[in-house]
Each structure stands twice: as C-alpha cells, then as structure tokens.
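Examining the three-dimensional arrangement
One-letter residues, chain by chain:
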Amino acid sequence: MTISEDVTNDEKTLKLTEIGIKELLDAGIHFGHEKTKWNPKMNTYIHSSRKGIHIIDITQTLSILNNVYKYVRNLTAKGGTVLMLGTKKQSQLTIKSAAEKSNSPYIVSRWLGGTLTNFETIIKRIKHLNELENQQNSEQATIRTKKEQTQINKKINRLNKFFEGLKKTNKLPDCLYVIDVKKEKIAINEANILNIPVIGLVDSDSDPDGIDYIIPGNDDSIRSIKLISNVIADAIIEGKSLIKTPKPKVSAPVSKKIKQPENKK
C-alpha cells in the first residue's frame, strides 16, 4: 500500500523552477506500490525497492515533468485545451482547484462512458444544465411553486455532479490529463480512439499502455498529486499568456485629391 497523507489547500504551491529532487521526495512521489502488486511494464521507471515497496526513479520523473510542461505550454499557446480528470477521493479537490486556477475543463465525480466518443450528447446535457440554471436565476423562478423549484434544483444538482467542470466546454479537449490511469481506463480508451494525447501520473502498479506522456510517480499521495497537477496548471496558464491576439486592422486614411486649377489658354 502506498504512503498517503493529508494536506491543506492553502499549502504553498511550487513553480516548476522551484522543483528538484528534494521537493519530489518531500511530496512522496518516489513511493510506489508493494513489489508483489507491480506492473512489469513500469520496470523502466523503478529505481529500487525498500521494505517490499518499489521506489520510483524520480530523476526520470523530474526530466519528464519538464518535457510535459513544455508540451502543455506549447499546446495551450496554440489555443488547445487540457481536460483534467481525477475522480479518486485523494485527487478531487486538487484537480478541481488546479483546473479552476488555469480555467480548464475538469471531471472529478465520475467519468460517464461516451464523454469523449459521444461528445454531441454530452454537449446537449451541458446545454440543458445551463438552461436550467439560467431559469433559476430568471424572474420565472419567483412564480414557481415550491415543489417545482425543488424538482428543478434536484435536476441541476444531479447534472452538476457530472458536468460542473464542463459547463464552459463546447469542443473536444486537445489533451487529457489523468490521475490514476487504472481507475480512469475507460476515459483513456476513449481518448486513444479519438487520438487525443493522454498525460498520466502513473504509479508502479499501473499499465502505462495508452499513455502518451508517462509521469512516473505516486498517484495516491495528495502532495504528489498536488505538485504534479499544479505544474500542469502553470503550464496551461503560461501557454494561454502566449496566445497572440490578432491586431485590429487599421485602414489606411483616404487621401483627398486636391483639384488642380485648370490652365487657361
């Protein structure tokens, strides 16, 4: 069983330039799972073992994290979006916080099958949710009965459970960032079908197949999840700051023709 710990939301977040081996160790990123539960496909990223627990090679983690940062920054600089996914208990608050910080779509409750592969239907559900919330904020809400209000609130709460982080979404994401690739296998398969690149925090017991950018590390530690997710969020923010806004076209001033005096013969 991997080591996990609680962490407060107001704990200082680190920039990528502030992260080194010590910071990764402090976050517990190096702790894998028990040797008996490992996935042999992760052998490349295993440094050693201690008391029956695999130790992840965080020198590789740090190098990969730098490359992933550049990829995400460049992607968002071109207008791309990253969908952040983490439905396990340890990741929910962190993923939501990182997504809101970077103004990115997110899912933290449960992945609905077809979220990517049946995206048109998902968009309809999101549109319905937005309409219901607009109705609640309109003058019509004051003339509804208490029973009608309760029914609408139930619908809104149920839809928000799944789509709260997608309400501003109107197109498929250009990349999927995942915590716990074992738990989110359905989402990863959908992304693979649509050729959407996947970034994953991959623990020693996980199958890295289908993950385009493997970040080897502890996916149970809250500090580990927070450190990696904030790096992804910072990359998104920097990328968005690099988006070049088209300059408005300034039409050239029309020069007035000066009427030349006629030559009198």
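Above this text sits the structure in question.
This section reports on the structure supplied with the text. Keep in mind that what you see is a predicted model, and the values were worked out from it rather than measured.

Glancing now at the pattern of salt bridges. Pairs can form between side chains of opposite charge once their charged atoms are near each other. Enumeration over the complete set of coordinates arrives at 13 salt bridges. Its salt-bridge partner being D207, residue K41 comes within 3.4 Å of it at the nearest N-O pair. Highlighted residues: K41 in the loop between β1 (31–34) and β2 (46–50) and D207 in the loop between β7 (198–202) and β8 (213–216), separated in sequence by 166 residues. Here K41 falls in the partly exposed class, since its relative accessible area comes to 43%. Close ionic contact of K171 with D174 constitutes a salt bridge, the shortest N to O distance being 2.9 Å. Judged by its relative accessible area of 36%, K171 falls in the partly exposed class. Here the residues in one salt-bridge network are K88, D180, D219 and D220, joined through shared partners.

Moving on: the packing of helix α4 (residues 119–136) against helix α5 (residues 146–163). Axis angle and axis distance: for two packed helices, these are the angle between their axes and the distance between the axes, and together they describe the pair. Where α4 meets α5, the axes come as close as 10 Å, and the angle between the chain directions of the two elements is 140 degrees. In terms of their interaxial angle, α4 and α5 are classed as oblique. Here α4 and α5 pass one another in a crossing that is left-handed. Across the interface between the two elements, I122, R125, I126, H128, L129, L132, E133 and Q136 of α4 pack against Q149, I152, N153, K155, I156, L159, N160 and F163 of α5. Split into classes, the residues belonging to the contact of α4 with α5 amount to 8 nonpolar, 5 polar and 3 charged.

Calculation rules
Residues numbered from 1 in each chain as written. Predicted model: local features only at pLDDT ≥ 70, side-chain atom pairs only at ≥ 80, totals over all residues. Heavy atoms only, no water. Salt bridge = Lys/Arg side-chain N within 4 Å of Asp/Glu carboxyl O. Helix = DSSP H or I, 4+ residues; strand = E, 2+ residues; numbered from the N terminus. Buried < 20%, exposed > 50% of the residue type's maximum accessible area, 1.4 Å probe, protein only. Axes fitted to C-alpha atoms, helices over the stretch in contact; angles between N-to-C directions. Parallel < 35°, antiparallel > 145°, perpendicular 65-115°, else oblique. Left-handed = near helix turned anticlockwise from the far one by under 90°. Contact = heavy atoms within 4.5 Å. Nonpolar A, V, L, I, M, F, W, Y, C, P; charged D, E, K, R; others polar.

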